[in-house]
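# Working through the structure, step by step
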Amino acid sequence: MSAVGFSDYDQSMSTEKTDALVIRQTDFSETSKVLTFFTREFGKISVIAKGARRLKGPFEAALDLLSVCRIVFIRKSTQGLDILTEAQLASRFKPAGRDMSRLYGGYYVAELLGDLTEEYDPHPLLFDDAVATLTALAQDTHVDRNIVRFELGILREIGQLPAFDACIACGKPVTSSASYGFWVSQGGLICQSCRHEKFEQRLLHAGTIRLLQALADRHAAFERLTISPAQVKEIRHVVTAAISHALGRRPKMSRYLHL
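Residues numbered from 1 in each chain as written. Predicted model: local features only at pLDDT ≥ 70, side-chain atom pairs only at ≥ 80, totals over all residues. Heavy atoms only, no water.

## Considering the overall build of the protein chain
What counts here: Numbering goes from the N terminus for both helices and strands, where a helix is a DSSP run of H or I of at least four residues and a strand is a run of E of at least two. Two residues qualify as a contact provided that any one of their heavy atoms is within 4.5 Å of a heavy atom in the partner residue. Neither His nor the chain termini are counted; the positive set is Lys and Arg, and the negative set is Asp and Glu. Charge positions are represented by NZ for Lys, CZ for Arg, CG for Asp and CD for Glu.
Across its full length, the protein chain carries six helices and eight strands. Shown N-terminal to C-terminal, the secondary structure of the protein chain runs as helices and strands in the order β-β-β-β-β-α-α-α-β-β-β-α-α-α. Viewed in the frame of its principal axes, the protein chain has a C-alpha envelope of about 70 × 40 × 30 Å. Considering only contacts within the protein chain whose residues lie at least 6 apart along the sequence, 60% involve residues at least 24 apart. Distance from the positive charge centre (32 side chains) to the negative charge centre (29 side chains) of the protein chain: 5 Å.

## Concerning the pattern of salt bridges
As a reminder, the rule being used: The term salt bridge refers to a pairing of a side-chain nitrogen on Lys or Arg with a carboxyl oxygen on Asp or Glu at a separation within 4 Å. Relative accessibility decides the category of a residue: with a 1.4 Å probe and only protein chains considered, values under 20% of the type maximum give buried, values over 50% give exposed, and everything between is partly exposed.
Tallying each qualifying case throughout the model produces nine salt bridges. For Asp-115, the salt bridge identified is with Arg-24, shortest N-O distance 2.3 Å. Taken together, the residues Asp-115 in helix H1 (residues 100-116) and Arg-24 in strand S1 (residues 14-27) connect sequence positions 91 residues apart. By relative accessible area, which is 36% here, Arg-24 ends up partly exposed. The residue Arg-249 makes a salt bridge to Asp-115 at a minimum N-O spacing of 2.5 Å.

## Overview of the sheet that holds strand S6 (residues 163-167)
As a reminder of what qualifies: What makes two strands pair is DSSP finding at least two bridges between them. Here an axis means a line fitted to C-alpha atoms, over the contact stretch when the element is a helix, while the angle between two N-to-C directions is reported on a 0 to 180 degree scale.
What the three strands build is an open sheet, ordered S6-S8-S7; its pairing is mixed. With one partner strand each, in any of the chains shown, S6 and strand S7 (180-183) form the two edges of the open sheet. Direction aside, the axes of adjacent strands within the sheet are offset by 35° on average. Direction of pairing for S7 relative to strand S8 (residues 188-191): antiparallel, over a ladder of four bridges. Its bridge partner being in S8, Gly-181 is matched across the sheet by Ile-190. Those strands touched by helix H4 (residues 206-216) are S6, S7 and S8, and its axis lies near 135° from that of S6.

## Quick notes on the packing of aromatic side chains
Our working rule: Stacked, tilted and edge-to-face are the three classes applied to pairs of Phe, Tyr and Trp rings, where Trp contributes its six-membered ring and a pair requires centres within 6.5 Å; stacked means planes under 30 degrees apart, edge-to-face means over 60, and tilted covers the rest.
Inspection of the entire model under this criterion finds three aromatic pairs. Ring plane angle 90° and centroid distance 5.5 Å describe the contact between Phe-42 and Phe-73, whose orientation is recorded as edge-to-face. Within this pair, whereas Phe-42 is found in the loop between strand S2 (33-39) and strand S3 (43-49), its partner Phe-73 is found in strand S4 (residues 68-75), the two being separated by 31 residues in sequence. The exposure class assigned to Phe-73 is buried, which follows from its relative accessible area of 0%. Overall, Phe-42 belongs to the buried group, its relative accessible area being 13%. Grouping aromatic residues by their ring pairs yields a cluster made of Phe-42, Phe-73 and Tyr-120.

## Notes on the layout of surface pockets
Let me state the cut-off plainly: Cavity and pocket criteria rest on a 1 Å grid covering protein atoms alone: a 1.4 Å probe that fits but cannot get out defines a cavity, protein on both sides within 12 Å along at least 5 of 7 lines defines an open pocket, and an atom within 4 Å of a point defines a lining residue. Grid points are joined across faces, edges and corners, and a volume is the space filled by probe spheres set on the points. Put simply, Ala, Val, Leu, Ile, Met, Phe, Trp, Tyr, Cys and Pro go in the nonpolar bin, Asp, Glu, Lys and Arg in the charged bin, and everything else, Gly too, in the polar bin.
One number sums up the size of the largest pocket: a volume of about 360 Å³. Looking at the largest pocket, it is lined by 19 residues, and the ones nearest its centre are His-142, Val-143, Asp-144, Arg-145 and Val-232. Secondary-structure elements contributing two or more residues to the lining of the largest pocket are helix H3 (143-157), helix H5 (229-247) and helix H6 (254-257). If one sorts the elements of the lining of the largest pocket by residue count, H3 sits on top with five residues. Here the residues of the lining of the largest pocket sort into 11 nonpolar, five polar and three charged. Roughly 220 Å³ of volume is contained in the second largest pocket. Around the second largest pocket sit 16 residues that line it, and Asp-129, Ala-132, Thr-133, Arg-149 and Phe-222 are the ones nearest its centre. Of all the secondary-structure elements, those providing two or more residues to the lining of the second largest pocket are helix H2 (124-139), H3 and H4. The element contributing the most residues to the lining of the second largest pocket is H3, with five residues. Class assignment for the residues of the lining of the second largest pocket results in six nonpolar, two polar and eight charged.

## Comments concerning the packing of H3 against H5
Helices that pack against each other are described as a pair by the angle of their axes relative to one another and the distance between those axes. This is how it is decided: Should the near helix be turned anticlockwise from the far one by less than a right angle, the crossing is left-handed, and should it be turned clockwise, the crossing is right-handed.
With their axes 11 Å apart at the nearest point, H3 and H5 run at an angle of 35° to one another. Where H3 crosses over H5, the two elements pack in a sense that is left-handed. Along the contact surface, H3 presents Asp-144, Ile-147, Val-148, Glu-151, Leu-152, Ile-154 and Leu-155, while H5 presents Val-232, Ile-235, Arg-236, Val-239, Ala-242, Ile-243 and Ala-246. Its residues placed into classes, the contact of H3 with H5 shows 11 nonpolar, no polar and three charged.

## Side note on the nonpolar core
Rules: Take the buried residues of types Ala, Val, Leu, Ile, Met, Phe, Trp, Tyr and Cys, join any two whose side-chain atoms come within 4.5 Å, and each joined set is a nonpolar core.
Ranked by size, the top nonpolar core spans 49 residues in total, and within it Leu-113 and Ile-243 carry the most contacts. The contacts of Leu-113, once residues within four sequence positions are left out, are Leu-21, Ile-23, Phe-38, Lys-44, Leu-126, Ala-130, Phe-150 and Ile-154. Of all hydrophobic cores here, the second largest spans 17 residues; its members include Val-22, Leu-35, Phe-37 and Phe-59.

So, in structure tokens, the structure goes:
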């Protein structure tokens, strides 16, 4: 790996090392790229990678979209792009088979990381969740379940995870014998006694709510959860609404994943 000349930059700039996931890349010049990483120690960062577009560039194949790598970068002390100096590939996202939903799922993970996180706002658990989700998408057939797990995880990390344990209006705990609406702007469930026509009218059944609780708990095992097609629709309705509310728009990848 080659390094950018350190004499070209202010000596007050610090050199940092971290594990990173490539979530965006743009051509900057004939030889360079601008990349956005989601890193474990520093959160989202934007860097310029000089020479990254050369056939035999200094970063080899470490900068492919959704690759996980170990990077070294110079953190600028003023506004502007950081400077990437080294990148060593750890793993590359290569979904097995011909199921395009796995690839689209990976792009969706990158979209949410890019649009729902702030520069230099570290979320190490979210980084781990993202890498685990990409690994599962590359190997697993349960695309819906893995995507929902990640969506709920990122909502939790940014403080916008809906409350699934009680009615958001009256505070009564969720019971196994009742159905609930979803009040997206207030981020929670609403019981039938408190429901109003201005709130969501689609009902969530108790079994679906229990699944949402399990999927939202990062300590709970979810690999063996059985989710019926009807429950997938109910879950998808809630989670897509919550993600869209957090973004202020529907996700761009939602049309490809049929969210």
